[in-house]
Amino acid sequence: MKLALFAYTRRGRDTALLARDCLLRPGDECRCLAPEKLAGGDFTPLPAPCARSTGPLFAWADALVFVGAAGIAVRSIAPWVRDKRTDPAVLCVDELGRFVVPLLSGHIGGANALALRLAEGLGAVPVVTTATDVNGRFSVDAWAARQGLFLDSMKAAKAVSAAILEGPVPLCCDFPVEGDLPPGVVRGDGGAVGVCVSWRRKAPFRETLLLVPPVLRLGLGCRRGIAPEAVRAAVEQVLDQHGIHPRAVKGAASIDLKRDEAGLLACCAAQGWPLDFYSPGELAALEGDFTPSERVLRVTGVDNVCERAAAMGGGRLIVGKTVRGGVTVAVAEEGWTARFPGQAGSGGIKKAGNT
């Protein structure tokens, strides 16, 4: 975690250092800031005006903790607030360390969880105001963030959060479910508002919150000198053809003969896909039913590149070798489980009726 701490009084500095000790874990980074007259030691000067100087830290940090008045925190972050899917967690602590208030990104950004942790460490009172938490209901966006899922629609996320305050919300999940479903969530595949966990583009409910796990790996092959746009176009065509959500792709792989293929490298870098390379021997040693090609064998030393590369991580092949514009694409699915740890319940899963 990257943490930014702000203090505006001498007593606030002391509280900020206590907050740092409560929140930091090995490997975390922290920047402490205070007005110039209070800077020194662990604190670097905080230039005026506050809002302007907060901007770079808002982009850098996973969490910002303001020790002082909530109004200062609000004015400092106001110009930089954009989207709850990307905004960092923002918390406010009074200078005596008596109250901890999550102000922004309570669920997805983890501000509520940080507030509880910080309050426990300081012996303070956490002041959590989000409706699902206040009413003891399931927070779908917080759960999705913990599970590493992509929320396809913030509008649908808000609809689910509103619906769960009124009654059970159905969950449709294409993966194994571990643990009891939380209060307010039932198994179902139809209705007005619901949650679907899938790598497929699907909408079983009239308003569907699609949660996408990054569980798919691409296997790629291409001709020499391929343009990055051609690689991207080929992948997009294959994903569209099979109804695959692009955010389900976690990475790509190919043969090490393509290690210097500029177009392939550029495409994967632009999409944020880690790209792994395997030797012909490693690919050939993988057991399984793959589409053989004598030509590929002569050129590369292995009978199939894209399917074997996709499955090298232990995944199940869901899209076989597909050729598009000089690019070969295959897709494999890794195992994944939806986990609901520590939930109270009867252990059974109820079936939701259509509404």
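As a reminder, the structure under discussion sits directly above these lines.
Residues numbered from 1 in each chain as written. Predicted model: local features only at pLDDT ≥ 70, side-chain atom pairs only at ≥ 80, totals over all residues. Heavy atoms only, no water.

Digging into a nonpolar patch on the surface
(1) Moving on: A cluster of nonpolar side chains, contributed by Phe99, Val125 and Val127, occupies part of the molecular surface with about 220 Å² of accessible area.
(2) Moving on: Along the polypeptide, Val127 turns up in the loop between strand E7 (125-126) and helix H5 (131-134). (Patch = residues over 30% accessible without salt bridge, like charges linked within 9 Å, V, L, I, M, F, W, Y side chains within 5 Å. Areas by Shrake-Rupley, 256 points an atom, 1.4 Å probe, with all protein chains shown as cover. Salt bridge = Lys/Arg side-chain N within 4 Å of Asp/Glu carboxyl O. Helix = DSSP H or I, 4+ residues; strand = E, 2+ residues; numbered from the N terminus.)

A short note on the nonpolar core
(1) Moving on: Counting residues in each nonpolar core, the largest one holds 58 residues, and the members touching the most others are Val195, Val197, Leu209, Leu211, Leu218 and Leu220.
(2) Moving on: Ranked by the residues each element gives to this core, the list is headed by helix H7 (residues 154-164), at six residues.
(3) Moving on: When sequence neighbours within four positions are dropped, the list of residues in contact with Leu211 reads Val140, Trp143, Ala144, Leu149, Phe150, Leu151, Val195, Cys196, Val197 and Ser198.
(4) Moving on: Among the nonpolar cores identified, the runner-up in size contains 25 residues, and Leu3, Val65, Ala89 and Leu122 belong to it. (Core = buried A, V, L, I, M, F, W, Y, C linked by side-chain atoms within 4.5 Å. Buried < 20%, exposed > 50% of the residue type's maximum accessible area, 1.4 Å probe, protein only. Contact = heavy atoms within 4.5 Å.)

Let's talk about the sheet that holds strand E6 (residues 99-104)
(1) Moving on: The mixed open sheet is built from seven strands, whose spatial order is E3-E2-E1-E4-E5-E6-E7. Strand pairing shows two members of the sheet lacking a second neighbour, strand E3 (43-45) and E7, which therefore form its edges.
(2) Moving on: Here three bridges tie strand E2 (residues 29-34) to E3, and the two strands are oriented parallel to one another. If you follow Leu33 over to E3, its bridge partner there is Thr44.
(3) Moving on: Lying on the sheet, helix H1 (residues 10-23) is in contact with strand E1 (2-7), E2, E3, strand E4 (63-67) and strand E5 (89-93); it crosses E1 at an angle near 165°.
(4) Moving on: Along the sheet, helix H3 (residues 70-77) makes contact with E4, E5 and E6, crossing E4 at roughly 140°. (Pairing = 2+ DSSP bridges. Axes fitted to C-alpha atoms, helices over the stretch in contact; angles between N-to-C directions.)

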